[in-house]
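Report on the structure
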Amino acid sequence: LVVPVAFRGGIVVRFFDQFGMTVGVAVLVSLFVSFTLDPMLSSRWYDPAVETHTRRRWFARQLQKMNDSLNLLQGVLGRTLGWSLRHRLIVLGIGVACIVFSFNLLGKLGSDFMPDFDREEFQVSFKAPSGMTLAETSVIAQRVHETLKRYPEVAYTVVTIGTGTSSVNQGSIYVKLTAKDARQRTDMELRRLMREDFDRWASLETSVEEAEQLGDARPIQISVRGTDLDEIDRVSKLVVKNVAQVKGATDVDTSQDEPRPEVRVQLDRKAASDLGLNLGTVAMTVRGLIAGEVVSQYEDRDGDAFDVRLRVDQEQRRLKDDLAEIYVPVMDFAGATPAMLTNPSSMATSVPLSQVASLEDSQAPSLIRRRDLMREVRVRASNQDRDIGSIIADVKTLNDKLQLPPGVTIGYTGQAEDLREMQYHMGRALFLAIVFIYAILASQFRSFFHPLAIMLSLPLSLLGVALALYVTNGTLNIMSQIGLIMLMGLVTKNAILLIDYANRQQREGQTRTNALITAARVRLRPIVMTTTAMIFGMLPLAFEIGAGSEMRAPMARAVIGGLITSTLLTLIMVPVVYTFFDDWAARMRHWWHRNVPQDMQEEEPAPEPEMVGR
């Protein structure tokens, strides 16, 4: 409960906060049940040692076989642990090798923000060449729609053109797939096939991405920022080339469209001043006639209101020469100047635009993006058959070789930014979890060294996590890292059972070696039972059984792998490491009693009386 509450703010933290609260409340409820309901149920449970009912003999035989197997395993564990305690350095070297191998294997795993799973939906975004009208774009959208409907896995589609901030030459098609059980190809396979179909259309820019996302849904976003638009446009083209040659990157393009053709009006300020005109009057007149002005509203029978816009007819604003014939109003006699009075021709109420301005063909940027008060060109891409972390790492290596001009910077946003934030918060949560576990164990065992031996089970569990994710082609994402943090509390309970019983045996007079062997043999049964119960509880998620289990499967696989290796290695490694720390603690006590004055030494508290029972 404490670890997730320590971090507030951000999507990742809020998600982990809710998850941690749920797990914490569940643990508290289970603790209450174990002290109240479980003892009553245990008194009513079938005991093969006293129950001789004929109909339950088969069940009794199965339980007896299980008990015999555990007894045999106890003997094997006792002999193995005895050999390990006689060859402590060899066992310690094996443990260090396992930890080093697990970190090496974790480094080979990819990293994603969220695990890939079949969402049964996606969208296809497309952009036609600049200058396309809405009617021409709708024809292109119809062809894209017909291409998508050729796939039998497509249930239905929704076509959208020119909505929001997009131009009339852009659109998107929402694709809803049939149920996962009703088709043979996954959504990832369908996306790959559709990309191959759209790549044949050279003049059309397409991307297959996640559906229902705000803004651009492609996971790889690279921000090129600066003050000079020409420079950042040049650098963004170099970044596009770098991203395109990285394995796994697809649908690569930029937010910078082709320059938009325009007619630029250059005002002759002297001629305009003689006529009593200024720049604002000319600009408002030309804009009103070309773009139009809302002069009224029309309300239909359903009560919907529509703007009535007044502007020049389309046939009179297609050519530059037509624009030159636009008339702009001039001042009347009341505002006439002496120069105008000496020139009667200037008394006209309006003059053509060509008389006070010249019209030139020019080009202008179609869109200027800004980020952090700087101009930006966004390079976008999707990932295919490769994790985002590996793609970003390769792209960074190539971009670091670029000679950036002064004032131009390259930043990585999108899921790369979410991935960095997630790893940062998960690292802090993992660190605090380890600190709190050590504090609690140190207070309970009244020792600074014994908890260190118990916490050896934490790095030993990483071997199982790495192997489970590597075998299942998993990555280090938010779900698998949540499973890793869950392991911090799960794997230590085996070592706690072992060390606590060994300390009790030593207080009763046994030697350290015999106490450790006895503790391993006696505590083997509860360790196996709790670990097996946890593993079987995670199997439905690990095998992706149930709706939405694909997204949570990495968490279950990480927990199962960590529990298996931690249980196997803890029974051998923890007792061996315990002996090292116990020796160091004895040396520290000996040094303390030898160097500290007698009046400053505290008497060691007497051991508490033990309750003897069945």
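Residues numbered from 1 in each chain as written. Predicted model: local features only at pLDDT ≥ 70, side-chain atom pairs only at ≥ 80, totals over all residues. Heavy atoms only, no water.

**Some words on the overall build of the protein chain**
Here is the rule we go by: Helix numbers and strand numbers start at the N terminus; a helix is a DSSP run of H or I with at least 4 residues, a strand a run of E with at least 2. A contact between two residues is defined here by any heavy atoms of the two lying within 4.5 Å. Here, Shrake-Rupley sampling with a 1.4 Å probe gives the accessible areas, and only protein chains in the shown set may cover a residue.
Summing up its helical and strand segments, the protein chain has 19 helices and 15 strands in all. For the protein chain, restricting intrachain contacts to residue pairs at least 6 apart in sequence, the fraction spanning at least 24 positions comes to 74%. Accessible area of the protein chain: about 35,900 Å², with a carbon and sulfur share of 57%.

**Comments concerning the packing of helix 4 (residues 88-108) against helix 15 (residues 457-471)**
When two helices pack together, their arrangement is given by the angle between their axes and by how far apart the axes lie. Here is the rule we go by: To get an axis, fit a line to the C-alpha atoms, keeping to the stretch in contact for a helix; angles then go from 0 to 180 degrees between the N-to-C directions. Here roughly perpendicular refers to angles of 65 to 115 degrees, roughly parallel to angles under 35, roughly antiparallel to angles over 145, and oblique to all remaining angles. For any helix crossing, the convention is left-handed if the near helix is rotated counterclockwise from the far helix by under a right angle, and right-handed if that rotation is clockwise.
At a minimum axis distance of 8 Å, the contact between helix 4 and helix 15 shows a crossing angle of 40 degrees. On the basis of the axis angle, helix 4 is oblique to helix 15. As helix 4 packs across helix 15, the resulting crossing turns out to be left-handed. Contact residues: helix 4 offers G95, C98, I99, F101, S102, F103, L105 and L106, while helix 15 offers P459, L460, L462, L463, A466, L467 and Y470.

**Overview of unusual backbone geometry**
Basically, it comes down to this: Three exposure classes are used, based on accessible area relative to the maximum for each residue type with a 1.4 Å probe and protein chains only: buried under 20%, partly exposed in between, and exposed over 50%.
Backbone geometry places D251, a non-glycine residue, at a positive phi of 55 degrees. Within the secondary structure, D251 sits in strand 6 (residues 249-254). The backbone of D385 sits at a positive phi, close to 60 degrees, despite the residue not being glycine. Position of D385 among the secondary structure elements: in the loop between strand 14 (374-383) and helix 12 (388-399). Looking at D385, the relative accessible area reads 62%, which means it is exposed.

**Side note on the packing of aromatic side chains**
Convention followed: In summary, the pairing rule links any two rings of Phe, Tyr or Trp, Trp by its six-membered ring, whose centres are within 6.5 Å, and it sorts them by plane angle into stacked for under 30 degrees, edge-to-face for over 60 and tilted for everything else.
All chains considered together, the criterion is met by three aromatic pairs. Consider the rings of F198 and W201, whose centres lie 5.9 Å apart with planes at 65 degrees: the pair is edge-to-face. Take F198: its relative accessible area is 2%, and that puts it in the buried class. For W201, a relative accessible area of 22% translates into the label partly exposed. Each ring, one from F581 and one from W584, has its centre 5.2 Å from the other, and the planes form 90 degrees; the classification is edge-to-face. With F581 and W584 both in helix 19 (residues 549-595) and three residues apart, the pair spans about one turn of that helix.

**As for the pattern of salt bridges**
Put simply, the rule reads: A pairing counts as a salt bridge when a side-chain nitrogen of Lys or Arg comes within 4 Å of a carboxyl oxygen of Asp or Glu.
A full pass over the atoms with the stated rule returns 23 salt bridges. With a closest N to O distance of 3.0 Å, R378 and E376 form a salt bridge. A single burial state applies to R378 and to E376, both of which are buried. Sharing partners across several salt bridges, the network here consists of R88, R512, D582 and D583.

**Section: the environment of N383**
Selection criterion: We define a polar contact as two N or O atoms separated by no more than 3.5 Å, with the added condition that, inside protein, one atom must be a possible hydrogen donor and the other a possible acceptor, whereas residues neighbouring each other in sequence contribute only through side-chain atom pairs.
In this structure, N383 sits in strand 14. When the C-alpha atoms of N383 and E209 are compared, they prove to be 9.4 Å apart, with 174 residues separating the residues in sequence. Beyond its immediate stretch of four places on either side in the chain, N383 contacts P219, I220, G248, T250, I388 and I391. Of note is the side chain of N383, whose polar atom sits 3.0 Å from the backbone oxygen of R386.

**Focus on the confidence of the model for the protein chain**
Put simply, the test is: For every residue, the pLDDT score states the predictor's confidence, bounded by 0 at the bottom and 100 at the top.
Looking at the protein chain as a whole, the pLDDT averages 81, with 86% of positions reaching at least 70. Low pLDDT, under 50, characterises residues 609-614; the predicted model gives this stretch two contacts beyond four residues in sequence or across chains.

**Some remarks on the sheet that holds strand 2 (residues 154-161)**
The condition is simple: Two strands pair if DSSP finds at least two bridges between them.
Spatial ordering of the open sheet is given by 2-3-1-4, a layout of four strands whose pairing is antiparallel. Two strands close off the open sheet at either side, each with one partner strand: strand 2 and strand 4 (205-209). Averaged over all pairs of adjacent strands, the angle between their axes in this sheet comes to 15 degrees, without regard to strand direction. Pairing geometry for strand 2 and strand 3 (residues 170-177), over seven bridges, is antiparallel. Directly across from V158, in strand 3, lies its bridge partner Y174. Running over the sheet, helix 5 (residues 134-149) touches strand 1 (121-127), strand 2 and strand 3 and is turned about 165 degrees from strand 2. Sitting on the sheet, helix 6 (residues 187-198) touches strand 1, strand 2, strand 3 and strand 4, and the angle it makes with strand 1 is about 15 degrees.

**Quick word on helix 4**
To keep it simple, the criterion reads: For a helix, the expected span equals 1.5 Å multiplied by the number of residues minus one. Directions from the helix axis toward the C-beta atoms define the arc.
Over its 21 residues, helix 4 runs 31 Å from end to end, which matches the ideal 30 Å to within 8%, given 1.5 Å per residue. All of the buried residues along helix 4 are V91, G95, C98, I99, S102, L105 and L106. Summarising the axial view, the buried residues of helix 4 lie within an arc of 130 degrees, below the 170-degree limit, and thus occupy one face. In helix 4, the exposed residues that point more than 90 degrees away from the buried face are L89, V100, F103, G107 and K108.

**As for the environment of T531**
Here T531 is to be found in helix 18 (residues 512-542). Classification of T531 by relative accessible area gives buried; the value is 6%. Along the chain, T531 and I564 lie 33 residues apart, while their C-alpha atoms are 7.8 Å from each other. Not counting chain neighbours up to four residues away, the residues in contact with T531 comprise K493, N494, L563 and T567. Within the structure, T531 has its side chain in polar contact with the side chain of K493 (distance 3.4 Å).

**Side note on the side chain of S382**
Mapped onto the elements of the fold, S382 is located in strand 14. Accessibility expressed as a relative area gives 3% for S382, which makes it buried.

**Looking at the side chain of N503**
Among the secondary structure elements, N503 is positioned in helix 17 (residues 492-507). Accessibility expressed as a relative area gives 13% for N503, which makes it buried.

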